[in-house]
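# Structural description and commentary
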Amino acid sequence: MLKDKIQTALNKQIELEASSSQFYLAMASWSETLGLTGTSNFLYKHSDEERFHMLKLVRFVNERGGKSLIPQLSQPPKEFDSLSNIFELLLEHELNVTDSINNIVDLCLNEKDYTTYNFMQWYVSEQMEEEALARTILDKLHLIGEDKGGLYMFDRDLETMAQSLSNEGK
Ligand code: FEO
């Protein structure tokens, strides 16, 4: 049986993953309206991944005899300043998610809940990958600057990344 403190923390995490999914969905849609097909496909996939992160938590809480709370949807931003702005926001958001996951891992140790501790290790490695990916994308964007040809290549690169996310079945 899950302790109340752990259940509350996991339910907060469910909300955070759901809001990540909405946030990236808004970014995907915004990019699509600008004709950035590769970027939008990448962000649509990323949004799906976040939903999967949420779902995995929902199922875990219920399987442990707890009760998952399905959160209300919050309104993500409607507009973004630029492509760089999107990926800066994405990285900043992922850093917050990492903090939140680390806090849950800490709590699990304090509460001696080793089952949840083990379960959370998947999220710990996922965060490492996601932060690295966001940094790589930002580096590419900084290299490109205002170059239109570079932007075209960037969008194609993101299409490839979107495909590889699909192949990993995430
Ligand atoms: Fe599920 Fe990107 O954190």
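See the structure printed just above.
Residues numbered from 1 in each chain as written. Predicted model: local features only at pLDDT ≥ 70, side-chain atom pairs only at ≥ 80, totals over all residues. Heavy atoms only, no water.

### Some details on the nonpolar core
M27, F42, L43, F87, I137 and F154 are the most contacted members of the largest nonpolar core, which has 25 residues in total. Secondary structure elements with two or more residues in this core: α1 (4-33), α2 (37-63), α3 (83-110), α4 (114-144) and α5 (148-167). Counting residues per element, this core draws most heavily on α1, which supplies 6 residues. (Core = buried A, V, L, I, M, F, W, Y, C linked by side-chain atoms within 4.5 Å. Buried < 20%, exposed > 50% of the residue type's maximum accessible area, 1.4 Å probe, protein only. Helix = DSSP H or I, 4+ residues; strand = E, 2+ residues; numbered from the N terminus.)

### Brief notes about unusual backbone geometry
Residue K112 is not a glycine yet carries a positive backbone phi of 55°. Mapped onto the fold, K112 is located in the loop between α3 and α4.

### Observations regarding the pattern of salt bridges
Opposite charge on two side chains lets them pair, provided their charged atoms get close. Scanning the entire structure with this criterion turns up 5 salt bridges. Across the pair K3 and E111 runs a salt bridge whose closest N-O atoms are separated by 3.5 Å. Within this pair, whereas K3 is found in the segment before α1, its partner E111 is found in the loop between α3 and α4, the two being separated by 108 residues in sequence. Of the residues examined, E111 reaches a relative accessible area of 16% and is grouped as buried. Of the charged contacts, one joins E131 and R135 as a salt bridge, the two residues approaching to 3.5 Å between their closest N and O atoms. Residue E131 and its partner R135 are both found in helix α4; the two are separated by 4 residues, about one turn of the helix. Shared partners join several salt bridges into a network, and the residues in it are K3, K5 and E111. (Salt bridge = Lys/Arg side-chain N within 4 Å of Asp/Glu carboxyl O.)

### Observations regarding the side chain of Q22
As for its placement among the helices and strands, Q22 is situated in helix α1. Using a relative accessible area of 19% as the deciding quantity, one classes Q22 as buried. Those residues in contact with Q22 that lie beyond four places of it in its chain are L73, S74 and P76. (Contact = heavy atoms within 4.5 Å.)

### So, the packing of aromatic side chains
In the structure shown here, the tally under the stated rule is 9 aromatic pairs. When the centroid spacing of 6.2 Å and the interplanar angle of 80° are considered together, the rings of F87 and F154 count as edge-to-face. In this pair, F87 is assigned in helix α3 and F154 in helix α5, connecting sequence segments 67 residues apart. For the residue pair F87 and F154, the accessibility class agrees, reading buried in each case. Ring centres of W122 and Y123 lie 4.9 Å apart, and the angle between their planes is 80°; on these two criteria the pair is classed as edge-to-face. Over the face of the ring belonging to W122 we find K56, whose NZ or CZ atom lies 4.6 Å from the ring centre. (Phe/Tyr/Trp six-rings, centres within 6.5 Å; stacked < 30°, edge-to-face > 60°. Lys NZ or Arg CZ within 6 Å of the ring centre and 35° of its normal.)

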